[in-house]
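Each chain, letter by letter, is given below.
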Amino acid sequence: MKRHEQFTVLGRPFFPVGGQAHNSTSYVLDDLRITFDAVRKLNGNSCAVTICWDRFEPAEGEYDERYVTDIIDLARAEGLRLVLLWFGSWKNGIMSYCPAWVKKQPERFQRARSFDGTPMLNLTCHCRANVEADARAFGRLCDVVRRHDAGVGTVLGFQVENEAGQWLGARRDFHPEATRVFEGPVPAALLDYIDAHRDGEAFRRWQQAGGNRTGGWTEVFGRFGAEAFSAWTVARYIDEVAAAGKAAYDIFMYVNIALDGLSKGEDFEIPGLSYFAGGPVPKVRDIWYAALAHVDALCPDDYKQETNRHREVLETYAHPERGWPLYVPESGLSAVNTAHMLYAAAELGAIGYHIFGVESCLDGQGQLRPEAAPAARSFLMLRNIAPLLIAHRGAPRVHAIYQYTGETGMLLELENWKCHASFVGLKAYNWGNVGADFRHPEMNRGQWQDYMDFGAEKGRAILIQTGPDEFYAVGHGCHLFFNEYEPLDGSLPVNLLNPTLQVTTTDYVEVTEGHFDDDGGYVADRVRSGDESWRGVWLAADCGVVRFELHRARR
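Summarised in this report is the structure supplied together with it. All of these numbers come straight from a predicted model, not from anything done at the bench.

## Notes on the sheet that holds strand 15 (residues 417-422)
Reading across the sheet, the four strands line up as 14-15-18-21 and stay open at both edges, with antiparallel pairing between neighbours. Looking along the sheet, the strands with just one partner apiece sit at the ends: strand 14 (409-413) and strand 21 (537-539). Here the average twist between neighbouring strands, direction ignored, is 20°. Bridging between strand 15 and strand 18 (residues 478-484) involves six bridges; their strand directions are antiparallel.

Next comes the structure, spelled out in structure tokens:
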């Protein structure tokens, strides 16, 4: 089955930004009105909402279809798109959203077991009744959505389970059938895939254990065998559930990820204790890729606070060249995250971005909390530039500009032009703090004085070069300056010898603020000239898309 590369609405690409509802919000329809209000105030165009197995199938074989269709109808009325989160066998590594009729029949719907035989709060992957019940319910859910929404496109896709893995106090399931399979041969298809993708952590650990192609999971993978086994069995279970859904309605489906400590680790990195054993964390990512035939993406829940770790998460799961696109279904309000949203979209080709617990972005009076404002600005910028992002995804002319703590600027070497992105405005060129229009006095005051503050909002932008001298940009807290490249003979033109001239002698032929219409055409809403355009291109989130054309004196 060919995987979907992005979210679509009636066949047209769609870039979703917004929020995910708190876990149990969908039980009460009126609570979702608060959720959707928060998404709008965040400048979102979409919301991820849970569909809970216990609510959808309260008695075996009896489905509450109105539970689903009412949510879809409310989202339509609110003008929002939906991603539906299937809380079936897993939610945060346990079975808390399974129906009572599943929980009360452990002899039929068997549990995973810890090393001492204790049944745990997990359905075992080695009981056919478990996967068949989950797949049957998820298939019915997808059928309901297809019948109710396929001609409208309110629902963009499905999350299959939630943060899957086993919370067992063990690295693998010790159910008797699990032990029998664990001691049996490792599937050849898995080893073939890992061998074909030698850049992955799974290949490294396989080779570290000797690179054997025959034997049980311990013989082939050594001490990594238990976790590799858990990953394979959980992934195959979920793929079977997804297959039932795809058979009913073939739209975008993904699995989200509760992360481990990545390349540096956290504590002792023990699967089943430090994180959910078998979940699609980076070290077993390729095992999941090998196991999945009906899932379109593995998508990280990125709450990492340290800049390099946050970025590592995004880069680990962005593999469009293999057909695995990057989508971030859960994230937070940190300055690191709100800046990296633009990096993910521009540099990594991300197809969407959401934050979790969107209702908590509102205060007691229903207004957006100040700490949520940076996310609202990032979402506004992504929505504004989305048509160009979709059209140029993966192209080398799409550039992310992002500020790390302590940085005052960065340099981009573009076709025909060098661009200095300043996060401290014109101060970099000894011209004081004048540089924007009367609507943006905060830019003129040089508000980015707190660039050494880890928690402060960061400057960020997306710059897209659509022609030799034509550019489009969105950004906030960022000022772009352009100069032509230095002559090949080694000389320096006089304007490059003076910082003020460097800023003021570039010829900006035209600078406008605008938006894209429904057909993808650019519409200019405001013209910049004179004082607003002769000292670089300043960017603020509420300026829409800034289009500008430069003139080269030397060709």
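## Overview of the packing of aromatic side chains
Following the criterion strictly, the structure yields 30 aromatic pairs and no others. Here Tyr472 and Phe516 contribute two aromatic rings whose centre-to-centre distance is 5.9 Å and whose plane-to-plane angle is 35°, an arrangement assigned as tilted. Of this pair, Tyr472 sits in strand 17 (residues 470-476) while Phe516 sits in strand 19 (residues 507-516), placing them 44 residues apart in sequence. Residue class for Phe516 comes out buried when judged on its relative accessible area of 14%. For the pair Phe516 and Tyr522, a centre-to-centre distance of 5.7 Å together with 70° between the ring planes defines the contact as edge-to-face. Owing to a relative accessible area of 22%, Tyr522 belongs among the partly exposed residues under this scheme. Following the ring pairs from residue to residue traces out a cluster consisting of Trp53, Phe56, Tyr63, Trp86, Trp101, Phe109, Phe138 and Phe158. The ring of Trp538 has Arg528 sitting right over it, with the charged end atom 3.6 Å from the ring centre.

## Considering helix 14 (residues 373-391)
Spanning 19 residues, helix 14 covers 28 Å between terminal C-alpha atoms, matching the ideal 27 Å at 1.5 Å per step. Maximal helix bending in helix 14 amounts to about 60°, located at Ile385; proline Pro387 follows within four positions. For helix 14, every residue scored as buried is listed here: Ala373, Pro374, Ala375, Ala376, Ser378, Phe379, Met381, Leu382, Ile385, Ala386, Leu388 and Leu389.

## Concerning the side chain of Asp173
Here Asp173 lies in the loop between strand 8 (155-162) and helix 6 (176-182). Despite being buried, Asp173 has no salt bridge partner; Arg172 is the closest side chain of opposite charge, sitting 6.4 Å away. At 2.5 Å, the side chain of Asp173 and the side chain of Thr124 are in polar contact. Once residues lying within four places of it in the same chain are set aside, the contact partners of Asp173 are Ala112, Arg113, Thr124, Cys125, His126, Gln166, Leu168, Ala178 and Ser230.

## Description of the pairing of strand 4 (residues 46-52)
With seven of its seven residues buried, strand 4 lies for the most part within the structure. Relative to strand 4, strand 3 (residues 17-20) is paired through three bridges, and the arrangement is parallel. Bridged to Gly18 within strand 4 is Ser46. As for the winding sense of the linkage, the β-α-β connection from strand 3 through helix 1 (residues 29-41) to strand 4 is right-handed. In this sheet, strand 5 (residues 81-91) lies alongside strand 4 in parallel orientation, the contact comprising seven bridges.

What counts, and where the lines are drawn
Residues numbered from 1 in each chain as written. Predicted model: local features only at pLDDT ≥ 70, side-chain atom pairs only at ≥ 80, totals over all residues. Heavy atoms only, no water. Pairing = 2+ DSSP bridges. Helix = DSSP H or I, 4+ residues; strand = E, 2+ residues; numbered from the N terminus. Axes fitted to C-alpha atoms, helices over the stretch in contact; angles between N-to-C directions. Phe/Tyr/Trp six-rings, centres within 6.5 Å; stacked < 30°, edge-to-face > 60°. Buried < 20%, exposed > 50% of the residue type's maximum accessible area, 1.4 Å probe, protein only. Lys NZ or Arg CZ within 6 Å of the ring centre and 35° of its normal. Expected span 1.5 Å × (residues − 1). Bend = angle between axes of the 7 residues up to and from the residue. Lys, Arg positive; Asp, Glu negative; His and termini not counted. Salt bridge = Lys/Arg side-chain N within 4 Å of Asp/Glu carboxyl O. Polar contact = N/O pair within 3.5 Å; in protein donor to acceptor, adjacent residues only side chain to side chain. Contact = heavy atoms within 4.5 Å. Right-handed = clockwise from strand over helix to strand, strands pointing away.

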